[in-house]
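Inside the fold
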Amino acid sequence: MKKLYDEVSKLLGAVDFEGIWAGFSPFDFALFDKQSIYMTDKTLQWDERFLGNTAIEFEGKFLAIWEITSQNDGEVDVERLVSGIVHEMFHALQKQQGDRRWVDELAFLNYPYYDIDNANLKIAEMHYLMRAFSDGTHEDLVQFVALRNARRRIIGNDIFTQEMMAETIEGMAEYAGLMTLNQLNRAKFVEDVSRRMDVLRSPDMLLKPRLWAYSSGALLCLALKTLGINFHHHLSDIRPLFDFVPKNKTAVETAIREYKLKLRKIFDDFLKKHTSETKINATLTGYDPMNMQRLDDNILCTRFVMLDGIYIEGPVMLHMEKGSKNQVVSYTK
């Protein structure tokens, strides 16, 4: 174990922490098993403060800790181990800088695991995020944002916020670990990014949203980096990672907005030129569907309509009973 500790220390010395995140520098770390805790200058007997892989406060300082479960140090991939330790060191940085975006774990247990619409949109959302990263396309990032906002409307703000917090806290730390691996071994970095993309394609992983967030957050960081979008910030910032993504309109959203504005102008212009309104209580019985448009409770027919079987030459605007599809209360010609 001491040999492994020394190998990790040596590789950590080669990592450009500042290049990963501004203000990031190495923290002390410990390796441990169920018997002993190994640090730079001492070996301690294991105690219950050392559980799992995380960052803890130890003797007045933050300490990244990592459990070694293998009985044979030679089986440990040291470069990937260093990547994992840097992940935990980033958690130490988050704590040091007063990051408050930690997940409410008990609230997150209420995640709508079995909502099919949310699940399908989540897979589609990741498809566009992966393309934004792989192809460097801003349009795909825009579509990713649109789908994610659609999911927000499905699952509600409270759970959505917890999901974004998990993605922020774990995703940025995972990104730091991946960027470490990128410095140490590019081939392994490519492999590990591919594995995370496999996670985001997997329907089974949808049932593990807390674990999913590691990969989605890391990939979001990588996509933003690829696209030249700055997301680095002091970790006391309360905004989730998703808020650093530009919120541009999709082509569909732009087209809909322009169409609504155009349609409003068409209706307004018609009413400026046509002021003769006739009150009537009638049913719309005939029309040309290719030459009619509805805006709120008004229908503009440019060719003709039939009201209770009576033909009326267009253009004519029908004023409908509120919410009705065919009951007319008046018309303007």
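Residues numbered from 1 in each chain as written. Predicted model: local features only at pLDDT ≥ 70, side-chain atom pairs only at ≥ 80, totals over all residues. Heavy atoms only, no water.

This paragraph deals with the environment of Asp-140. Here Asp-140 lies in helix α6 (residues 138–155). On the basis of relative accessible area, Asp-140 is assigned to the buried category, the value being 8%. Residues Asp-140 and Tyr-128, 12 residues apart in the sequence, show an inter-C-alpha distance of 5.1 Å. Residues in contact with Asp-140, not counting those within four places in the same chain, are Tyr-128, Arg-131 and Ala-132. (Helix = DSSP H or I, 4+ residues; strand = E, 2+ residues; numbered from the N terminus. Buried < 20%, exposed > 50% of the residue type's maximum accessible area, 1.4 Å probe, protein only. Contact = heavy atoms within 4.5 Å.)

Turning to its location among the elements, Gly-52 is positioned in the loop between β3 (43–45) and β4 (54–58). By relative accessible area, Gly-52 is classed as partly exposed at 29%. When the C-alpha positions of Gly-52 and Ile-68 are compared, they lie 9.3 Å apart, and in sequence the two are 16 residues distant. Residues in contact with Gly-52, not counting those within four places in the same chain, are Phe-32, Ile-65 and Glu-67.

A few words on the pattern of salt bridges. Counting across every chain of the model gives 28 salt bridges. Here Asp-192 makes a salt bridge to Arg-195, at a shortest N to O gap of 3.1 Å. One end of the pair is Asp-192 and the other is Arg-195, both in helix α8 (residues 186–201) and three residues apart, which spans about a single turn. Taking the relative accessible area as the measure of exposure, Asp-192 reaches 7% and is therefore buried. Since its relative accessible area comes to 46%, Arg-195 is described here as partly exposed. Between Arg-201 and Asp-198 there is a salt bridge, and its shortest N-O distance comes to 3.0 Å. With Arg-201 and Asp-198 both in helix α8 and three residues apart, this pair spans about one turn of that helix. According to the relative accessible area criterion, Arg-201 is partly exposed, its value standing at 46%. In this structure Asp-198 comes out as partly exposed when scored by relative accessible area, which is 44%. Among the ionic contacts, a cluster of salt bridges with common partners joins Asp-77, Glu-79, Arg-80, Lys-188, Glu-191, Asp-192 and Arg-195. (Salt bridge = Lys/Arg side-chain N within 4 Å of Asp/Glu carboxyl O.)

With respect to topology, five strands assemble into an open sheet ordered β3-β2-β1-β5-β4, the strand pairing being mixed. Looking at strand neighbours, the two that pair on one side only are β3 and β4, the edges of this open sheet. Along the sheet, successive strands turn relative to each other by an average axial angle of 30°, direction set aside. Relative to strand β5 (residues 61–67), strand β1 (residues 28–32) runs parallel, the two being bridged by five bridges. Its bridge partner being in β5, Leu-31 is matched across the sheet by Trp-66. Set on the sheet, helix α1 (residues 2–12) makes contact with β1 and β2 (36–38); between it and β1 the angle comes to about 150°. The strands that helix α3 (residues 78–96) touches are β1, β4 and β5; relative to β5, the one it contacts most, it runs at about 150°. (Pairing = 2+ DSSP bridges. Axes fitted to C-alpha atoms, helices over the stretch in contact; angles between N-to-C directions.)

Our next topic: the side chain of Glu-174. Counting through the fold element by element, Glu-174 comes out in helix α7 (residues 157–184). Setting aside chain neighbours within four positions, we find Glu-174 in contact with His-87, Arg-196, Tyr-214 and Ala-218.

Limitation: the analysis is restricted to geometry and does not speak to function.
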